[in-house]
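Per-entry structural report
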Amino acid sequence: MVARQNISSGTPWEPVVGYSRAVRVGNVVHVSGTTATGPDGKIVGEGDAYAQTVRTLENIASALEKAGARLSDVVRTRMYVVDIRDWEKIGRAHGEVFGDIRPASTMVEVSRLIDPAMLVEIEAEAIIQG
């Protein structure tokens, strides 16, 4: 049986809601919806979709690292945005990280995220090679 590893970011709401920042099973890592929160739990880049995307991807990279993966292992991302008119800013930040990696990706507009200051939330899936 393949061992399961739950990865926590240490936020107080993970045990309350009942989720992990990431879950690794074998060589597959699933990263939960991630936002632009800083170490203090506050939103980084309030009002700036590009800055929030950059911070969100940094948070995803941190979760992947804790699971023994890298951004280059990412095969899929899903981006949830509250204003699709920000797609170019969000896409630019995503492309700066994944331009050479080119994971399968989806970007959809949602009516809102859990905090009104959040403009983007991203999920990622990675497969660790060799």
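Everything in this summary refers to the structure shown in the same document. (Residues numbered from 1 in each chain as written. Predicted model: local features only at pLDDT ≥ 70, side-chain atom pairs only at ≥ 80, totals over all residues. Heavy atoms only, no water.)

**Observations regarding helix α3 (residues 87-98)**
- Taking 1.5 Å per residue as the helical rise, α3 with its 12 residues ought to reach 16 Å, and the 15 Å between its terminal C-alpha atoms agrees with that figure.
- Turning to α3, its buried residues number three or more, namely I90, A93, H94 and F98. Buried residues along α3 cover an arc of 120° about the axis, so they all sit on one side.
- Packed against the buried residues of α3 are α2 (49-66), β4 (74-81), β5 (104-109) and β6 (120-127). (Helix = DSSP H or I, 4+ residues; strand = E, 2+ residues; numbered from the N terminus. Expected span 1.5 Å × (residues − 1). Buried < 20%, exposed > 50% of the residue type's maximum accessible area, 1.4 Å probe, protein only. Arc of directions from axis to C-beta. Contact = heavy atoms within 4.5 Å.)

**Re the pattern of salt bridges**
- Inspection of every chain in the model, using the stated rule, returns seven salt bridges.
- Across the pair R78 and E123 runs a salt bridge whose closest N-O atoms are separated by 3.7 Å. Of this pair, R78 sits in strand β4 while E123 sits in strand β6; the two residues are 45 residues apart in sequence, bridging distant segments of the chain.
- For R78, a relative accessible area of 23% puts it in the partly exposed group. (Salt bridge = Lys/Arg side-chain N within 4 Å of Asp/Glu carboxyl O.)

**Things to note about α2**
- Between the first and last C-alpha of α2 there are 26 Å, a value that for 18 residues agrees with the 26 Å anticipated at 1.5 Å per step.
- Listed as buried for α2 are A49, Q52, T53, R55, T56, L57, N59, I60, A63 and L64.
- Looking at the buried residues of α2, the elements they touch are β1 (4-7), β2 (22-25), β3 (28-34), β4, α3 and β6.
- Two or three places before Y50, at the opening of α2, D48 has a side-chain oxygen 3.1 Å from that residue's backbone nitrogen.
- Of the residues trailing α2, G68 is marked for its positive phi of about 85°. (Polar contact = N/O pair within 3.5 Å; in protein donor to acceptor, adjacent residues only side chain to side chain.)

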